[in-house]
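As a plain string of letters, each chain reads:
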Amino acid sequence: EDQVTQSPEALRLQEGESSSLNCSYTVSGLRGLFWYRQDPGKGPEFLFTLYSAGEEKEKERLKATLTKKESFLHITAPKPEDSATYLCAVQPRYNFNKFYFGSGTKLNVKP
Amino acid sequence: DAGVTQSPTHLIKTRGQHVTLRCSPISGHKSVSWYQQVLGQGPQFIFQYYEKEERGRGNFPDRFSARQFPNYSSELNVNALLLGDSALYLCASSLSRTSGGSDTQYFGPGTRLTVL
């Protein structure tokens, strides 16, 4: 069964304290893996798409990486405005009409 | 450029009523997907429509239905509302349902449905 697990559920960092969020997935062939940021009460905001193992993408303080079983979202020197819930989603190759989301990691960056 | 728009923003209904939620995709996007997000959880897939045809359905009861119009906008209908239907309903659009590669989905702000 296609499944996405994110860890930790919640993460509290001091401003400037770098860390990584994990997204483990079980899927029958991966067509794409997606990272989103979601602020309370709002829709997810697209961050990255990764297609194959070994791929990396960066945007400001965020860097996403992908292996055959998991993806990491690295946050370098975070700021309080990076506080949000970060969601990971996978699109299976053979059932590509569906996106499967994890439950998210709630990040709180304290000044 | 306008992003995905959804209406209404908030909605309060009572058990047994029905509700219609609306979504307009990004200009040029032909695919629309609907998700239900309960507080503290990730979005759960309900439907995907492409070129007015249903292309995917999640594990939701038949009380949930949707359709896509010629202008690619979409409606989600939920009949016989239950307390458990209270959630944020998200609409996402993507450029196309291609045979190769993946389709990034862009989300709207959502409709907050409260069932009393």
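In what follows, the structure referred to is the one given above.
Residues numbered from 1 in each chain as written. Chains lettered and ligands numbered in written order. Predicted model: local features only at pLDDT ≥ 70, side-chain atom pairs only at ≥ 80, totals over all residues. Heavy atoms only, no water.

## As for the overall build of chain B
Move 1: A count of helical and extended segments in chain B gives zero helices and eleven strands.
Move 2: Its helices and strands in sequence order give chain B the pattern β-β-β-β-β-β-β-β-β-β-β, from N to C terminus.
Move 3: Taken over the C-alpha trace, chain B has a radius of gyration of 14 Å; the compact-globule value for 116 residues is 13 Å, and the two agree within 12%.
Move 4: Judged by the C-alpha coordinates and their principal axes, chain B covers about 40 × 30 × 30 Å.
Move 5: When the 116 residues of chain B are sorted by exposure, 49% land in the buried category.
Move 6: The long-range share in chain B, meaning contacts at least 24 apart out of those at least 6 apart in sequence, stands at 54%.
Move 7: Between the averaged position of the 11 positive side-chain charges in chain B and that of its 8 negative side-chain charges there is a distance of 6 Å. (Helix = DSSP H or I, 4+ residues; strand = E, 2+ residues; numbered from the N terminus. Rg over C-alpha atoms; globule rule 2.2 N^0.38 Å. Buried < 20%, exposed > 50% of the residue type's maximum accessible area, 1.4 Å probe, protein only. Contact = heavy atoms within 4.5 Å. Lys, Arg positive; Asp, Glu negative; His and termini not counted. Charge placed at Lys NZ, Arg CZ, Asp CG, Glu CD.)

## Let's talk about unusual backbone geometry
Move 1: With omega at -10°, the peptide bond leading from S7(A) into P8(A) counts as cis.
Move 2: A positive phi angle is found at A77(A), which is not glycine, with a value near 45°.
Move 3: Mapped onto the fold, A77(A) is located in the loop between β8 (70–75) and β9 (84–92).
Move 4: Given a relative accessible area of 35%, A77(A) falls into the partly exposed group.
Move 5: The phi angle at E51(B) is positive, at roughly 50°, despite the residue not being glycine.

## Examining the pattern of salt bridges
Residues and elements named next belong to chain B.
Move 1: Within the structure shown, the criterion is met by eleven salt bridges over all chains.
Move 2: When the shortest N-O distance is used, the salt bridge between E75 and R22 registers 3.5 Å. Of the two residues, E75 is situated in strand β8 (residues 74–78) and R22 in strand β3 (residues 19–24); the sequence distance between them amounts to 53 residues.
Move 3: Taking relative accessible area as the criterion, E75 reaches 10% and is therefore assigned buried.
Move 4: The residue D85 makes a salt bridge to R63 at a minimum N-O spacing of 2.8 Å. Note that D85 is positioned in the loop between β8 and β9 (87–94) and R63 in the loop between β6 (53–57) and β7 (64–68), a separation of 22 residues in sequence. (Salt bridge = Lys/Arg side-chain N within 4 Å of Asp/Glu carboxyl O.)

## Some words on the state of the cysteines
Move 1: Evaluated as defined, the whole model comprises two disulfides over all chains.
Move 2: Sulfur-sulfur distance for the disulfide between C23(A) and C88(A) comes to 1.9 Å. Since a negative S-S torsion denotes a left-handed disulfide, the C23(A)-C88(A) link at about -60° is left-handed. In this pair, C23(A) is assigned in strand β3 (residues 19–26) and C88(A) in strand β9, connecting sequence segments 65 residues apart. For the pair C23(A) and C88(A), a shared accessibility class is recorded, and that class is buried.
Move 3: With its sulfur 1.8 Å from that of its partner, C23(B) forms a disulfide with C91(B). One disulfide, between C23(B) and C91(B), carries an S-S torsion of -60° and so falls in the left-handed class. (Disulfide = S-S within 2.5 Å.)

## Considering the interface of chain A and chain B
Move 1: Taken together, the contact between chain A and chain B spans 21 residues of the former and 27 residues of the latter.
Move 2: Each partner contributes to the roughly 1800 Å² buried at the junction of chain A and chain B, and carbon and sulfur atoms together form 50% of this total.
Move 3: It is R31(A), N97(A) and F99(A) that lose the most area in chain A upon contact with chain B, and together they represent 32% of the buried surface on that side.
Move 4: Across the chain A-chain B interface, the total number found is zero salt bridges.
Move 5: Elements represented by at least two residues in the side of chain A that touches chain B include exactly β4 (30–38), β5 (45–50) and β9 of chain A. (Buried area = accessible area lost by both parts, 1.4 Å probe.)

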